[in-house]
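Survey of secondary and tertiary structure
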Amino acid sequence: MDPKVEWQTPQSLPDAQTYYGHEGVKAWWAMWSDAFADLRLEPGEFKDLGEGRVLVPVRALGRGRESRAEVNVSFYLLGSGGERLERMEFFPNETEALEAVGLSEQDAPAES
């Protein structure tokens, strides 16, 4: 990750915001690690959208640390940058992620 990475959390979350830099991303991960036991992320096929952008579907699985409620959530991550990740954004579905970069599902390249 670029030292000035921007990590944009989902707007659907009550604490939605952008975290900046390595320390910001570490703080975000620490918050999620504290909230969920056995949290794991399962990425799907990466899709190269060109211009340094990559889209990947992700499934998050685990349990709430205090509630023990099961977590099974799917979302999309849209990463962009040059040699290093400069920005990461979360989207609830592929359509919204593609629209954010001016593409439609028909315009998007196949998985790679």
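Heads up: the structure comes first, above all this text.
Let us look at the structure shown here.

**Focus on the overall build of the protein**
- Secondary structure assignment for the protein yields two helices and seven strands.
- Reading the protein from its N end, one meets helices and strands in the order β-β-α-β-β-β-β-β-α.
- The C-alpha radius of gyration of the protein comes to 15 Å, within 12% of the 13 Å expected for a compact globule of 112 residues.
- Once the C-alpha set of the protein is aligned to its principal axes, its extents read approximately 45 × 30 × 25 Å.
- Counting only residues that meet the buried cut, the protein has 34% of its 112 residues in that class.
- Restricting the contact set of the protein to residue pairs at least 6 apart, pairs at least 24 apart contribute 36%.
- Entry remark: accessible area of the protein is about 7000 Å², with carbon and sulfur atoms responsible for 50%.
- Side chains of the protein carry 11 positive and 21 negative charges; the gap between the two charge centres is 7 Å.

**Describing a nonpolar patch on the surface**
- Taken together, the side chains of Trp29, Leu39 and Leu41 present a nonpolar region at the surface, about 220 Å² in accessible area.
- Tracing the backbone through its elements, the reader meets Trp29 in helix H1 (residues 21-35).
- Since its relative accessible area comes to 31%, Trp29 is described here as partly exposed.

**As for the layout of surface pockets**
- The space that makes up the largest pocket amounts to roughly 500 Å³.
- Breaking the lining of the largest pocket down by element, the ones donating at least two residues are H1, strand E3 (36-43), strand E6 (70-81) and strand E7 (85-91).
- It is E6 that contributes the most residues to the lining of the largest pocket, four residues altogether.
- Partitioning the lining of the largest pocket into residue classes produces 15 nonpolar, five polar and two charged.
- Put simply, the second largest pocket is a space of about 180 Å³.
- At the level of elements, strand E5 (53-64), E6 and E7 are the ones that each hand at least two residues to the lining of the second largest pocket.
- With four residues, the top contributor of residues to the lining of the second largest pocket is E6.
- Partitioned by chemical class, the residues of the lining of the second largest pocket number eight nonpolar, four polar and no charged.

**Some details on the environment of Met1**
- Position of Met1 relative to the elements: it lies in the segment before strand E1 (6-8).
- Exposure remark for Met1: the relative accessible area of 41% places this residue in the partly exposed category.
- Once the C-alpha coordinates of Met1 and Arg84 are considered, the two residues, 83 residues apart in sequence, prove to be 4.9 Å apart.
- With sequence-adjacent residues up to four places away left out, Met1 is seen in contact with Trp7, His22, Val25, Arg84 and Leu85.

Rules used throughout
- Residues numbered from 1 in each chain as written.
- Predicted model: local features only at pLDDT ≥ 70, side-chain atom pairs only at ≥ 80, totals over all residues.
- Heavy atoms only, no water.
- Helix = DSSP H or I, 4+ residues; strand = E, 2+ residues; numbered from the N terminus.
- Rg over C-alpha atoms; globule rule 2.2 N^0.38 Å.
- Buried < 20%, exposed > 50% of the residue type's maximum accessible area, 1.4 Å probe, protein only.
- Contact = heavy atoms within 4.5 Å.
- Areas by Shrake-Rupley, 256 points an atom, 1.4 Å probe, with all protein chains shown as cover.
- Lys, Arg positive; Asp, Glu negative; His and termini not counted.
- Charge placed at Lys NZ, Arg CZ, Asp CG, Glu CD.
- Patch = residues over 30% accessible without salt bridge, like charges linked within 9 Å, V, L, I, M, F, W, Y side chains within 5 Å.
- Salt bridge = Lys/Arg side-chain N within 4 Å of Asp/Glu carboxyl O.
- 1 Å grid on protein atoms, 1.4 Å probe; cavity = no way out; pocket = protein on both sides within 12 Å on 5 of 7 lines; lining within 4 Å.
- Points joined across faces, edges and corners; volume = space filled by probe spheres on them.
- Nonpolar A, V, L, I, M, F, W, Y, C, P; charged D, E, K, R; others polar.

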